[in-house]
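The lines below spell out each chain.
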Amino acid sequence: MKLQQRMNRRALTLGALAVSGALALTACGSDDTGSTTGGSGGATTGAASSIKCDDAKGQLLADGSSAQKNAIDAWVKEFSTACGVQINYKGGGSGAGVTAFTQGTVAFAGSDSALKPEEVTASKAVCTGGQAIDLPMVGGPIAVGYNVPGVDNLVLDATTIAKIFDSKITNWNDAAIKALNPDATLPDLKIQAFHRSDESGTTDNFTKYLIAATPDNWKYEGGKAWQAKGGQSASGSSGVAAQVKQTSGAISYMELSYAKDGIAAASLDTGAAAPVEATVDNATKAIAAAQVVGTGSDLALKLDYATKAEGAYPITLVTYEIVCDKGNKADTLPATKAFLTYIASEDGQKLLTEAGYAPIPAEIIAKVRTTIAGLS
């Protein structure tokens, strides 16, 4: 009898482990392919149970920011399970997303930079009677990810980062890096700096930080396209992360959720009392000070990249969902509106922290919800 009881307990334990393993595998996905998720629309639990599907149906095509792709994947899984809508988010980069939107090939786009005036003008051709607007939806730190053997806690400042990515500091035992890390054993190792090859809002925000924090050492105009000379390139956040992971001496910039599995994130000497780590909470402190500078329904934000506030991580980005305020296509409007309503909801924003992102501050996300309710 006791033997049988032990066998039963062992079977239950193995079963629990199998379920846990299956769930873990389900949660892991590739960042290099489009996010295509479908669902049966049956009963669900957790966040999905509070999702209002309304008249959502069919399929949505979207493209844009690869920085928010891990967040989009988590949202799509919940929404598709609840509503049975298939969403394909390509994640080809902010530039590709805005282009696809202004060409009318996607229902919405993601961009880590607010729309430029010429992009708003171009959008009027596809937003009948309206125009594209910026809806801030995802926040988070841009990590300066590195792979330096034996160095687990690295401190850098804006000047040193600028010189590294401008090919003016080329070795990890450079005197400038040593001065910031007196207790670290820095190897005599060549720096391999990687930047984005595609047009990227992450690049735009990263270089805005350098322009604001160390203008004497970063003379480039900035923007989605990389401008500095030298270095190596890769496509997408997943692309640069893969290169850093496999290259000894590598460094790049990427959304925090990609800085894992062999990639460490540098802390920043901003001039505050202590170096600031790249964490969700520290990014939230910086984003909370953002100002809405968009007009009308547009909610574009202005971030303070040169902040020296205690615990505020300055290299942050806010990803906007780009959508028509009026003139959305009738066949995709219900699903687009329902999906955006969910991701802006309290449950949707809660998923961001779990995925390594920063929720949008309460006052701003409240305005986003009101704007989404009025989409037509």
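A brief structural summary. (Residues numbered from 1 in each chain as written. Predicted model: local features only at pLDDT ≥ 70, side-chain atom pairs only at ≥ 80, totals over all residues. Heavy atoms only, no water.)

So, about the state of the cysteines. All told, the structure shown has two disulfides when counted by the stated rule. Counting only the cysteines that take part in disulfides, in the order they occur along the protein, gives the pairing 1-2, 3-4. (Disulfide = S-S within 2.5 Å.)

In this section: the packing of aromatic side chains. Tallying each qualifying case throughout the model produces 10 aromatic pairs. Judged by centre distance (6.5 Å) and plane angle (45°), the ring pair of Y146 and W172 falls under tilted. Of this pair, Y146 sits in strand β5 (residues 132–147) while W172 sits in the loop between α5 (158–165) and α6 (175–180), and the two are 26 residues apart along the sequence. Residue classification places Y146 among the buried residues on the basis of a relative accessible area of 1%. Summarising the aromatic geometry, the rings of W226 and Y253 are spaced 5.7 Å apart at their centres and angled 20° between planes, so their arrangement reads as stacked. Placement of W226 in the loop between α7 (201–213) and β8 (232–234) and of Y253 in strand β9 (residues 250–255) is noted, with a sequence separation of 27 residues between them. There is no split in this pair, since W226 and Y253 are both buried. Aromatic rings pair up to connect F165, F206, W218, Y220, W226 and Y253 into one cluster. (Phe/Tyr/Trp six-rings, centres within 6.5 Å; stacked < 30°, edge-to-face > 60°. Helix = DSSP H or I, 4+ residues; strand = E, 2+ residues; numbered from the N terminus. Buried < 20%, exposed > 50% of the residue type's maximum accessible area, 1.4 Å probe, protein only.)

On to the pattern of salt bridges, then. One pass over the full model with this rule turns up five salt bridges. K69 is the salt-bridge partner of D73, the closest N and O atoms lying 3.1 Å from each other. Placement of the pair is D73 and K69 together in helix α2 (residues 69–83), with a separation of four residues, close to one helical turn. Here E346 makes a salt bridge to K350, at a shortest N to O gap of 3.8 Å. Note that E346 and K350 are positioned in helix α11 (residues 346–354) at a spacing of four residues, about one turn of the helix. By relative accessible area, E346 is classed as exposed at 55%. (Salt bridge = Lys/Arg side-chain N within 4 Å of Asp/Glu carboxyl O.)

Helix-helix packing is characterised by the crossing angle of the two axes and by the distance between the axes. Between α2 and α11, whose axes approach to 10 Å, the crossing angle comes to 135°. The pairing of α2 with α11 is recorded here as oblique in orientation. The handedness of the crossing between α2 and α11 comes out as right-handed. Taken together, the residues of α11 that come into contact with α2 (itself represented by A71, A74, W75 and E78) are G348, Q349, L351 and L352. Split into classes, the residues belonging to the contact of α2 with α11 amount to five nonpolar, two polar and one charged. (Axes fitted to C-alpha atoms, helices over the stretch in contact; angles between N-to-C directions. Parallel < 35°, antiparallel > 145°, perpendicular 65-115°, else oblique. Left-handed = near helix turned anticlockwise from the far one by under 90°. Contact = heavy atoms within 4.5 Å. Nonpolar A, V, L, I, M, F, W, Y, C, P; charged D, E, K, R; others polar.)

Note: strand β2 (residues 59–64) against strand β3 (residues 86–89), four bridges, orientation parallel. By the bridge assignment, L60 is partnered in β3 with I87. For the crossover from β2 across α2 to β3, the handedness is right-handed. Two strands pair when backbone bridges link them, and β2 and strand β4 (residues 108–111) are joined in this way by three bridges, in the parallel orientation. The partner of A62 across the bridge, within β4, is F108. (Pairing = 2+ DSSP bridges. Right-handed = clockwise from strand over helix to strand, strands pointing away.)

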